[in-house]
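So you can see what is in the structure, the chains are spelled out below.
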Amino acid sequence: MLNILKNELTLESSTDHLSEVRNFVEVNGIKVGLNKQTIAHISLAVDEACTNIIKHAYSNDLTKKIKIKIKTSENKFTVIITDSGKHFDPNKVPEPNIEKIQKMKKGGGLGMFLMKKLMDEVHYNPKANGNELILIKNYN
Amino acid sequence: MEITEIIKDNYTMLNVSGRLDSTTATDFEKALLNLLDLQKENVVCFKELKYISSSGLRVLLVAAKKLSTTGKKLTISAMQDHIKEVFDISGFTELFNILPENPYE
């Protein structure tokens, strides 16, 4: 079940909702006039962040919720993603380089790596009962 | 996501359309790994692919690892520009044999 406000989306912790998440980012990106490529970058970064929460913070527990809030200012598109799962700091995931990727069995850390490459800023704030992840993309 | 398998005498091809994310990656993995057992030459055609996340990239990595000990070949072809960009950003362009067009089309 999805609950969509104008710039806020609450969803159940299931990868089945990822297309709605991307759509939510797209609609808000179009609203502030972001170009197609920038919207695609933010959508993918938010997908990776949510996938990570579903798999790692919530260990695929479908009863949990993820909240996504979008704030826009003159030149910053900010996505705030909160969950009530296990603490997980994406900045502590080691960045894979090509050699490491080749050696990895399952490509661990790849989603986080992409997320950081696609966004201008990634901030992690551990909360008393969960995580807050802030993704920022600068635009003109 | 939709997958079409083409099995010929000298190669196999997987046409993947739609969206390849953490929901659909499992089906893609099953289809690709099954196909790799059949022929020496294998092509994944991404001409109709609209979206890929790290879950899809990871499947290609698993396939490449499986092939590395067999001498078989995997080619990724006909990616749209925004898909190619994800390959470039993640460093995957250097890991795979990539062709701008499908060699068997």
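These figures come from a predicted structure and were not determined experimentally. In this convention, every chain numbers its residues from 1, walking through the sequence in written order. Each chain gets a letter, beginning with A, and each ligand a number, beginning with 1, in the order they are written. Selection of residues for local features in this predicted model requires a pLDDT of at least 70, selection of side-chain atom pairs for listing and counting requires 80 or more, and totals for whole chains, interfaces and linings are taken over all residues. Values shown for side chains rest on all heavy atoms present in the structure; no hydrogens or waters enter the calculation.

Caption draft 1: How the structure looks around the packing of aromatic side chains. For Phe, Tyr and Trp, where Trp contributes only its six-membered ring, two rings pair if their centres lie within 6.5 Å, and the inter-plane angle classes them as stacked under 30 degrees, edge-to-face over 60, or tilted in between. Under the counting rule described, the total for this entry stands at five aromatic pairs over all chains. Relative to Phe 87 of chain B, the ring of Phe 46 of chain B has its centre 6.5 Å away and its plane inclined at 65 degrees; by these criteria the two rings are edge-to-face. Of this pair, Phe 46 of chain B sits in the loop between strand E3 (41-45) and strand E4 (49-52) while Phe 87 of chain B sits in helix H3 (residues 81-90), placing them 41 residues apart in sequence. The rule is simple: take the accessible area with a 1.4 Å probe, protein chains only, and divide by the maximum for that residue type; under 20% is buried, over 50% is exposed, in between is partly exposed. A relative accessible area of 0% places Phe 87 of chain B in the buried class. By the ring-pair criterion, three or more aromatic residues cluster together here, those being Phe 28, Phe 46, Phe 87, Phe 92 and Phe 96 of chain B. Its end group placed over the ring of Tyr 51 of chain B, Arg 22 of chain A keeps NZ or CZ at 4.0 Å from the ring centre. Helical segments are the DSSP runs of H or I of at least four residues, strand segments are the runs of E of at least two, and each set is numbered from the N terminus. Any Lys NZ or Arg CZ found within 6 Å of a ring centre and within 35 degrees of that ring's normal is scored as a charge over the ring.

Caption draft 2: Looking closely at the interface of chain B and chain A. Residue contacts are defined here by distance: any two heavy atoms, one from each residue, within 4.5 Å place the two residues in contact. With 23 residues of chain B in contact, the opposing surface of chain A contributes 27 residues. By convention, the term buried area covers the 1.4 Å-probe accessible surface removed from two parts as they join, with the contributions of both added. A buried area of about 2,000 Å², summed over both sides, lies between chain B and chain A, and 57% of it is on carbon and sulfur atoms. Criterion for a salt bridge: a side-chain nitrogen of Lys or Arg within 4 Å of a carboxyl oxygen of Asp or Glu. Counting across the interface, chain B meets chain A through one salt bridge. The shortest N-O distance in the salt bridge between Asp 21 of chain B and Arg 22 of chain A comes to 3.0 Å.

Caption draft 3: Spatial organisation of the nonpolar core. In these notes, a set of buried Ala, Val, Leu, Ile, Met, Phe, Trp, Tyr and Cys residues joined through side-chain atoms within 4.5 Å is what counts as a nonpolar core. In terms of nonpolar packing, the biggest core is built from 68 residues, with Ile 68 and Leu 135 of chain A together with Phe 46 of chain B touching the most fellow members. With 10 residues, the top contributor of residues to this core is helix H2 (residues 36-57) of chain A. In contact with Ile 68 of chain A, not counting residues within four places along its chain, are Asn 7, Glu 8, Leu 9, Leu 11, Val 21, Phe 24, Val 46, Cys 50, Val 79, Ile 80 and Ile 81 of chain A.

Caption draft 4: Layout of the confidence of the model for chain B. Residue and element names in this part refer to chain B. Confidence scores labelled pLDDT are given residue by residue by the predictor and lie between 0 and 100. Averaged over every residue, the pLDDT of chain B is 94; the share at 70 or more is 100%. Per-element confidence in chain B ranges from a low mean pLDDT of 90 for helix H2 (residues 54-68) to a high of 98 for E4. On the interface metric, ipTM, the complex scores 0.90, and its pTM is 0.90.

Caption draft 5: Structural context of the environment of Thr 23 of chain B. Along the chain, Thr 23 of chain B turns up in the loop between strand E2 (11-20) and helix H1 (25-36). Relative accessible area serves as the criterion here: at 32%, Thr 23 of chain B is assigned to the partly exposed category. Separated by 61 residues in sequence, Thr 23 of chain B and Lys 84 of chain B place their C-alpha atoms 21 Å apart. Leaving out residues up to four positions away in the same chain, Thr 23 of chain B has contacts with Thr 15 and Asp 16 of chain A. Here Thr 15 of chain A takes part through its backbone oxygen, which lies 2.7 Å from a polar atom of the side chain of Thr 23 of chain B. For this analysis, a polar contact is any N or O atom pair within 3.5 Å, provided that within protein one partner can donate a hydrogen and the other can accept it, and provided that sequence-adjacent residues contribute only side-chain to side-chain pairs.

Caption draft 6: The arrangement of the environment of Thr 72 of chain A in detail. All names here are of chain A. You can see Thr 72 is positioned in strand E3 (residues 65-72). Separated by 51 residues in sequence, Thr 72 and His 123 place their C-alpha atoms 16 Å apart. Once you skip the residues sitting within four places of it in the chain, Thr 72 turns out to touch Val 32, Phe 77 and Tyr 139.

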